[in-house]
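Chain by chain, the residues run as shown.
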Amino acid sequence: MKKGQEKLGWLFASPYLVYSLIFFVIPLFGALFLSFTNWNLISPQYENVGFLNFIKAVKSPGVKAAFFVTYKFMIIFVPMVLIGSLVISLIINSLPRFKSFFSVGYFLPYLASGVATSVVVKGILSYNSALNVWLRNTWHLNIDWLGSQILAPLIIAVMISWKFMGYYSLILTSGLESISGEVYEAAAIDGATGWIKFFKITLPLLYPAMFTVTILAVGLVFGIFTEPYVLTGGGPGFSTNTWQIEIYNQAFSKLNAGYGSAIAIIDSVVTFVTIIIVRKLLEIWGKSYGWE
Amino acid sequence: MKKIAKSILILLLAASLLAGCGTSTNQKNEASQTTKEKVVTIDFWAAPNPPQQTFWKQMAEEYAKVNPNIKVNVSPMPESPTSEAGIQAALAGGNAPTISENISRGFAAQLVDSKALVPLDTMDGWNDIIKTRNIGNTIQAWKFADGHQYVLPIYSNAMLFAWRIDILKQLGYNEPPKTYSQIIELGKKLKEKYPDKYLWANPDLIDSTWWKRWFDFFMLYDAASNANKFIEGNNFVADDKAGVATLKFLEDMAKNKLILTQKATDPFETGISVWTTIGPWTFNTWKDKYPELKLNETYVLALPPVPDGMSTDNVKTFADTKGLVIYAQSSPEKQKAAMEFIKWVYSNPENDMKWFEITNLPPARDDVNTNEQFKNYLKDHPELQLYAESIPNAIPPIDNAKFNDIQTLIGQKAVNPVVAGQVDAQKAWDDMKKAIQGVLK
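Residues numbered from 1 in each chain as written. Chains lettered and ligands numbered in written order. Predicted model: local features only at pLDDT ≥ 70, side-chain atom pairs only at ≥ 80, totals over all residues. Heavy atoms only, no water.

Examining the overall build of chain A
Our working definition: Numbering goes from the N terminus for both helices and strands, where a helix is a DSSP run of H or I of at least four residues and a strand is a run of E of at least two. Every residue pair with non-hydrogen atoms within 4.5 Å of one another is taken to be in contact. Only the protein chains shown count as cover for residues, and all accessible areas are computed by the Shrake-Rupley method using a 1.4 Å probe. Only four residue types enter the charge count: Lys and Arg as positive, Asp and Glu as negative, with His and the chain ends excluded. Charge positions come from single atoms, namely NZ of Lys, CZ of Arg, CG of Asp or CD of Glu.
Along chain A, the regular secondary structure elements total 13 helices and zero strands. When the elements of chain A are put in sequence order from the N terminus, they spell out α-α-α-α-α-α-α-α-α-α-α-α-α. Seen through its C-alpha atoms, chain A measures out along the principal axes to roughly 80 × 75 × 35 Å. The long-range fraction of contacts in chain A, counting pairs at least 24 apart against all pairs at least 6 apart in sequence, stands at 68%. Here chain A has roughly 16,000 Å² of accessible surface; of this, 71% comes from carbon and sulfur atoms. For chain A, the centre of its 18 positive side-chain charges and the centre of its 12 negative side-chain charges are spaced 6 Å apart.

Have a look at this one:
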């Protein structure tokens with residue numbers, strides 16, 4: 001490559017590099033620095049507290065809850081969103097026409113505000129909503145949807161799945177479209193039926209798209225905030241207390257910037273390790289299909 | 001390609017340089033204007049709600065007419081993501097305003113701890129404000145642990161309870177019950193006649209968010225303890241007997257299934273529950289949304305209940321109250337100008353009257369109930385009468401810098417588990433006390 005072209009490359013990459021430096025690298029080091037102090041950002045005096053914030057965080061019930069709640073969400077949300085988006089993409093792919101129209105239709109929830117949808121869901125599940133009045137009058141069922149430690153995380157997982165299914169189905173649809181029709185024709189000649197075609201052809205050939213969607217879904221779980229914040233505030237009894245809610249409460253509500261930063265650092269390490277493990281597992285799954 | 005890229009780069013550099021020049025030119029102009037006319041400009045952050053902004057903008061405009069040398073720029077307080085975090089970010093970035101309102105006593109304690117506030121009682125004009133505004137008694141409760149005054153309270157809402165008197169009458173009551181056992185008895189009668197109704201519909205009772213304790217625990221505790229302090233300096237000094245009684249009352253209500261913790265839409269207004277905490281800001285909403293709710297016909301207002309055997313006169317309650325502060329980060333010249341502005345605003349009771357009319361929040365004054373101006377207004381707004389009368393009995397929030405942790409623990413260790421039926425009142429109080437003492441160490 002010529003020197004001039006190299007310079008041009010740097011020039012075009014510079015907006016992204018500057019952006020990353022200002023909004024990612026500098027804050028990351030800032031957070032790292034803060035996590036070793038007891039500073040609240042405004043006090044003229046602060047102390048270096050070493051690993052005290054990290055030790056306090058590891059012992060804290062809120063952080064412990066955030067750790068387990070995230071994996072609980074992962075167990076519920078990831079299969080739900082993967083199956084949902086796969087079904088949507090299979091439906092869209094099988095349509096003879098208006099594929100784009102339906103894709104956009106399923107994509108629309110992704111654009112909806114998390115706050116607005118949470119407020120609507122709160123109304124639907126309130127004690128005196130039409131649904132609950134009907135359940136009480138017809139079936140004598142009085143369900144405290146958001147007050148139950150089992151139902152509250154499930155409802156939040158359903159809401160987030162509804163929001164992201166359309167988006168992920170776009171990725172899967174493009175994967176499905178790249179599978180040649182000839183493969184299915186050949187399998188049909190060999191006597192393969194619907195389910196065999198799905199498990200032996202569609203799923204293995206869809207692996208690259210599934211890989212992307214799974215990693216995105218796992219990463220997303222660590223960023224859940226709006227829905228539990230509006231619907232349950234992290235309760236009942238920490239059952240929906242995510243990493244982001246814990247960081248928000250410590251850093252912005254209690255103004256413990258140092259301690260909040262320590263939790264954020266722990267969260268980023270846990271996220272990184274989890275994604276690496278999930279990636280390795282997906283690669284093993286891919287190898288079984290012959291993907292390297 | 002190379003030429004195009006170079007041109008874009010040069011254009012961008014030129015644009016940013018010109019933009020930079022533009023800013024500095026403006027700053028120079030502003031600075032020279034300040035020097036020439038000796039105008040001191042102060043920034044005032046008002047609470048992020050339209051009524052309070054209207055009031056302060058009106059005050060700034062009127063002040064500009066009588067004192068052109070001080071310009072007050074009123075803007076809404078940033079809420080990114082909370083007003084407290086907005087102030088924290090501004091202080092951290094060195095961009096704090098000169099004055100802001102909407103400061104609670106707890107948050108002020110945090111700011112005092114960080115040396116971010118000016119002790120107002122050390123400034124010229126403070127005593128004039130206390131005298132002309134008639135706030136001598138009210139301000140006593142605002143003194144901080146170091147003996148200084150950092151906040152000038154603007155309003156004081158003595159939090160009350162509302163009762164659905166129309167439903168109570170159907171149960172044979174002509175006035176609301178005043179003691180714990182009377183309330184439990186009423187609740188049992190209510191459940192007997194209307195199994196689907198609840199005494200108190202309040203999902204906050206199982207939520208540990210710190211500020212929610214202001215509107216359940218502290219209302220009841222302040223009444224039960226006759227205003228015994230909860231925290232003094234860095235010591236837990238709460239009245240154990242009153243605290244356990246408060247939690248036992250919640251426990252008894254929960255055991256008798258009188259509390260609905262499930263989220264419900266306007267449960268009091270729709271008659272699902274007969275009892276609720278209420279602030280004066282509710283009445284404007286009711287006027288539009290529930291015009292059928294009328295004082296002394298469908299609802300009545302009352303002070304918090306007390307444990308059996310306690311006097312039901314002069315019952316104490318929690319004061320939802322906020323005030324103004326001056327930030328230490330601003331220059332002494334600006335701090336002085338800010339004090340001048342505050343002095344002018346509170347030199348005339350008419351301005352407190354305007355505040356009352358615009359916001360519906362009772363001004364924090366000793367004479368709200370006796371001053372003719374306020375009395376006439378209260379005659380036309382009887383729903384605000386008891387709020388005004390109860391100001392002397394209203395106790396401001398705790399002033400410890402760790403208020404957030406303390407109030408979160410009251411929820412997590414006491415109120416939430418008691419209402420959920422997980423622990424009894426005595427154990428919950430002991431657990432909470434131990435946890436709070438740990439935080440205060």
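Additional details are given in the paragraphs that follow.
What to know about the side chain of B:Ser273
Checked against the element boundaries, B:Ser273 lands in strand S10 (residues 273–278). With residues up to four places along the chain from it excluded, the contact list for B:Ser273 reads B:Arg164, B:Tyr198, B:Leu199, B:Trp200, B:Ala201, B:Pro267 and B:Phe268.

Concerning the sheet that holds strand S6 (residues 198–201) of chain B
Residues and elements named next belong to chain B. Here is the rule we go by: Only strands joined by at least two bridges in the DSSP assignment are considered to pair.
In spatial order, the strands read S9-S6-S10-S5-S11; together these five strands make up an open sheet with mixed pairing. Unpaired on one side and paired on the other, strand S9 (259–260) and strand S11 (300–302) mark the two borders of the sheet. In this structure, S6 lies alongside S10, joined through two bridges in parallel fashion. Its bridge partner lying in S10, Trp200 is registered against Trp275.

A word on the interface of chain B and chain A
A common way to state how big an interface is: give the accessible area lost once the parts meet. Basically, it comes down to this: Throughout, the accessible surface (probe 1.4 Å) given up by two parts as they are put together, summed over both, is called the buried area. Any carboxyl oxygen of Asp or Glu that lies within 4 Å of a side-chain nitrogen of Lys or Arg is treated as forming a salt bridge with it. Under the rule applied, a polar contact is a pair of N or O atoms within 3.5 Å (in protein, one hydrogen donor and one hydrogen acceptor; residues adjacent in sequence only if both atoms are side-chain atoms). Each residue is assigned to one class: nonpolar for Ala, Val, Leu, Ile, Met, Phe, Trp, Tyr, Cys and Pro, charged for Asp, Glu, Lys and Arg, and polar for all the others, Gly among them.
Tallying the contact residues gives 30 residues for chain B and 26 residues for chain A. Both sides together, the interface formed by chain B and chain A hides about 2,600 Å², and carbon and sulfur atoms give 57% of it. Contact with chain A buries area across many residues of chain B, yet B:Gln88, B:Gln262 and B:Lys263 alone supply 27% of it, more than any other trio. Across the salt bridge formed by B:Asp405 and A:Lys254, the nearest N and O atoms sit 3.1 Å from each other. The interface formed by chain B and chain A holds 12 residue pairs in polar contact (both at pLDDT 80 or more) in total. Listed by contribution, the elements that provide at least two residues to the side of chain B that touches chain A are helix H1 (2–37), helix H3 (83–93), helix H4 (105–113) and helix H16 (403–419) of chain B. Among the residues making up the side of chain B that touches chain A, the classes are represented as 14 nonpolar, 11 polar and five charged.

Topic: the side chain of A:Ser126
Mapped onto the fold, A:Ser126 is located in the loop between helix H5 (114–125) and helix H6 (130–139). Not counting residues within four places of it along the chain, the set of residues in contact with A:Ser126 comprises A:Asn132, B:Gln262, B:Lys263, B:Ala264 and B:Thr265.

As for the pairing of strand S3 (residues 99–103) of chain B
All names here are of chain B. Rule in force here: Type-normalised accessible area, obtained with a 1.4 Å probe on protein chains alone, sets the label of each residue: buried when under 20%, exposed when over 50%, and partly exposed for intermediate values.
Most of S3 sits inside the fold, with five of its five residues counted as buried. Note that strand S1 (residues 40–46) and S3 share two bridges and pair parallel. Considered in S3, the bridge of Trp45 is made with Ser100.

Observations concerning the environment of A:Ala57
All names here are of chain A. Structurally, Ala57 can be placed in helix H2 (residues 52–59). Considering only alpha carbons, one finds Ala57 and Ile156, 99 residues apart in sequence, at a separation of 25 Å. The contact partners of Ala57, leaving out residues within four places of it in the chain, are Val63, Tyr259, Ile263 and Ile266.

Re a nonpolar patch on the surface
Applicable threshold: Nonpolar side chains (Val, Leu, Ile, Met, Phe, Trp, Tyr) within 5 Å and like charges within 9 Å form the patches, drawn only from residues with over 30% relative accessible area and no salt bridge.
Judged by side-chain polarity, A:Trp10, A:Tyr16, A:Leu17, A:Val18, A:Tyr19, A:Leu21, A:Ile22, A:Phe23 and A:Ile26 come together as a nonpolar surface patch covering roughly 1,000 Å² of accessible area. Turning to its location among the elements, A:Leu21 is positioned in helix H1 (residues 3–34).

Details of the pattern of salt bridges
Residues and elements named next belong to chain B. This structure, assessed with the given rule, holds 21 salt bridges over all chains. Here Arg164 makes a salt bridge to Asp166, at a shortest N to O gap of 2.9 Å. Judged by its relative accessible area of 9%, Arg164 falls in the buried class. A cluster of three or more residues bridged by salt bridges with shared partners is formed by Arg133, Asp352, Arg365 and Asp367.

Quick word on the packing of aromatic side chains
The test is simple: Note on ring pairs: Phe, Tyr and Trp rings are taken, using the six-membered ring of Trp, and paired if centres are within 6.5 Å. Classes follow the plane angle, with under 30 degrees stacked, over 60 edge-to-face and the rest tilted.
For the coordinates displayed, the defined rule picks out 66 aromatic pairs over all chains. Ring plane angle 40° and centroid distance 5.0 Å describe the contact between A:Tyr19 and A:Phe23, whose orientation is recorded as tilted. In this pair, A:Tyr19 and A:Phe23 both sit in helix H1, four residues apart, roughly one turn of the helix. Taking 5.8 Å as the distance between ring centres and 80° as the angle between the ring planes, the aromatic pair formed by B:Phe217 and B:Phe230 counts as edge-to-face. Here the residue B:Phe217 occupies a position in helix H9 (residues 217–224), and B:Phe230 occupies one in the loop between H9 and strand S7 (231–232), the gap between them amounting to 13 residues. Residue classification places B:Phe230 among the buried positions, given a relative accessible area of 3%.

Details of the packing of helix H10 (residues 240–255) of chain B against helix H17 (residues 425–440) of chain B
All names here are of chain B. As a reminder of what qualifies: Helix axes are fitted to C-alpha atoms over the stretch in contact, other axes to C-alpha atoms as well, and angles between N-to-C directions run from 0 to 180 degrees. Should an angle fall under 35 degrees it is taken as roughly parallel, and over 145 as roughly antiparallel, whereas 65 to 115 is taken as roughly perpendicular and any remaining angle as oblique. Each crossing gets its handedness from the near helix: less than a right angle anticlockwise from the far helix is left-handed, clockwise is right-handed.
Between H10 and H17, the least distance of the axes is 8 Å, while the angle of their chain directions is 130°. As the angle between them shows, H10 and H17 are arranged oblique. Two packed elements cross with a definite hand, and for H10 against H17 that hand is right-handed. Residues Asp240, Gly243, Val244, Leu247, Lys248 and Glu251 of H10 touch H17, and the partners they reach there are Ala425, Gln426, Ala428, Trp429 and Lys433. Its residues assigned to classes, the contact of H10 with H17 shows five nonpolar, two polar and four charged.

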